[in-house]
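Chain by chain, the residues:
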Amino acid sequence: MIKFFIYLLFILVSISDTDEISDKYQLDQSFEKYFTKENCSLVIKKYHYINCYSFEYKSPKAIAYEIEESISDLPPINERARYRYDTEIPAKYRTYRENYISNKYRKCHILGEESMHFSARSKNFIFLMSNMAPQRYELKGMWQKLLQRERRIAKLQGNVQVLNILLYPKNPSEIEYIKNGIAVPKYFIKIIKSNNTQECYALPNEKLQNQDILFYTIDCEWFI
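Calculation criteria
Position labels on residues start from 1 in each chain and follow its written sequence. In keeping with the predicted nature of the model, local features appear solely for residues at pLDDT of at least 70, side-chain atom pairs appear and are counted solely at 80 or more, and the whole-chain, interface and lining totals rest on all residues. Note: side-chain values were computed over all heavy atoms of the structure, leaving out hydrogens and water. Only protein chains enter the accessibility calculation, which uses a 1.4 Å probe; a residue whose area is less than 20% of its type maximum is buried, one above 50% is exposed, and one in between is partly exposed. For helices the rule is a DSSP run of H or I covering at least 4 residues; for strands it is a run of E covering at least 2, with both sets numbered from the N terminus onward. We call two strands paired when DSSP finds no fewer than two bridges between them. Comment: axis = line fitted to C-alpha atoms, over the contacting stretch for helices; angle = value between 0 and 180 degrees taken between N-to-C directions. By definition in these notes, contact holds between two residues if any of their heavy atoms fall within 4.5 Å. Pairing of aromatic rings covers Phe, Tyr and Trp, the last through its six-membered ring, and needs centres within 6.5 Å; plane angles under 30 degrees mean stacked, over 60 mean edge-to-face, and all others mean tilted. Comment: the charge-over-ring label is applied if NZ (Lys) or CZ (Arg) is within 6 Å of the ring centre and within 35 degrees of the ring normal. Whenever Lys or Arg places a side-chain nitrogen within 4 Å of a carboxyl oxygen from Asp or Glu, that contact is recorded as a salt bridge.

Below, the discussion takes up the pairing of strand S6 (residues 159-167). By the criterion of burial, S6 is predominantly enclosed, with 8 of the 9 residues buried. Relative to S6, strand S3 (residues 59-68) runs antiparallel, the two sharing 7 bridges. Bridge pairing in S6 links Ala62 to Ile165. As paired elements, S6 and strand S9 (residues 187-193) share 7 bridges and run antiparallel to each other. Along S9, the bridge assignment pairs Leu167 with Tyr187.

In structure tokens:
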């Protein structure tokens, strides 16, 4: 975690046809600073989540959503959705499934399929390429644990607000890219917030030292 503390000092965070937008997901007030025009090339509002998308990185900088206990208990839709590029993003900055053909990085759903598997419509949103970022294969199990954690808290508390922040190196020369100029995040930050719970995690995009999610716990006051 020492590496993370040092890295955090160098991170600058700007502290603000869509569908039938936004009567569904309402952004938590403490998350608003991540979804401003100053911080995002494009703020994409979907029915179930909001995405701060970066044209520079061709990846999200932040994605927020709510998980409701009553919804997550509904039976899943068995039909698997297809990966699609996001038509709200200008063609120059779109990403595609074939960009992620890599031996090192996988397509990581920032908003996980399991957290919104209650309808075919929500699956279509989740399988948009704008909801993906390059993540090392070794992180898949830990990322799944964090997704399970947010769903568990939703079941216990009734609902949770979730904010995912993707941190990239401040120095452009240190940024790694995959095909089509997609930047690789340095850290995946997950913030889980309810009326009675607030948990925050920092997952480095590298080979992990520990498989216990508690090892990656951070102080939420650094981000919200």
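Hydrogen bonds along the backbone pair up the strands of a sheet, which may run parallel or antiparallel. Read from one edge to the other, the open sheet built from 6 strands follows the order S1-S2-S3-S6-S9-S10, with strand pairing classed as antiparallel. A strand with exactly one partner marks an edge of an open sheet, and here the two such strands are strand S1 (42-45) and strand S10 (198-204). In this sheet, neighbouring strand axes are inclined to one another by 15° on average, regardless of whether the strands run parallel or antiparallel. The pairing of strand S2 (residues 49-54) with S3 spans 6 bridges and is classified as antiparallel. When the sheet's bridge partners are listed, Tyr53 is paired in S3 with Pro60. Of the strands in this sheet, S3, S6, S9 and S10 are in contact with helix H4 (residues 140-157), which crosses S9 at around 10°.

This next bit is on the packing of aromatic side chains. Applying the stated rule across the entire model yields 7 aromatic pairs. With a centroid separation of 4.2 Å and 5° between ring planes, the pair formed by Phe55 and Tyr93 is classed as stacked. Taken together, the residues Phe55 in the loop between S2 and S3 and Tyr93 in the loop between helix H2 (69-72) and strand S4 (105-109) connect sequence positions 38 residues apart. With a relative accessible area of 23%, Tyr93 lands in the partly exposed category. Joined through ring pairs, the aromatic side chains of Tyr53, Phe55 and Tyr93 make up one cluster. Positioned above the aromatic ring of Tyr83 is the side chain of Lys107, whose terminal nitrogen or guanidinium carbon lies 4.7 Å from the ring centre.

What follows covers the pattern of salt bridges. Applying the stated criterion across every chain, the model contains 7 salt bridges. The residue Glu138 makes a salt bridge to Arg136 at a minimum N-O spacing of 2.9 Å. Taking the relative accessible area as the measure of exposure, Glu138 reaches 37% and is therefore partly exposed. Classification of Arg136 by relative accessible area gives buried; the value is 17%. As a salt-bridge pair, Arg149 and Glu199 come within 2.5 Å of each other at their nearest N and O atoms. Taken together, the positions of Arg149 in helix H4 and Glu199 in strand S10 put the pair 50 residues apart, joining distant regions of the chain. Salt bridges sharing common partners tie together Lys46, Asp86 and Glu88.

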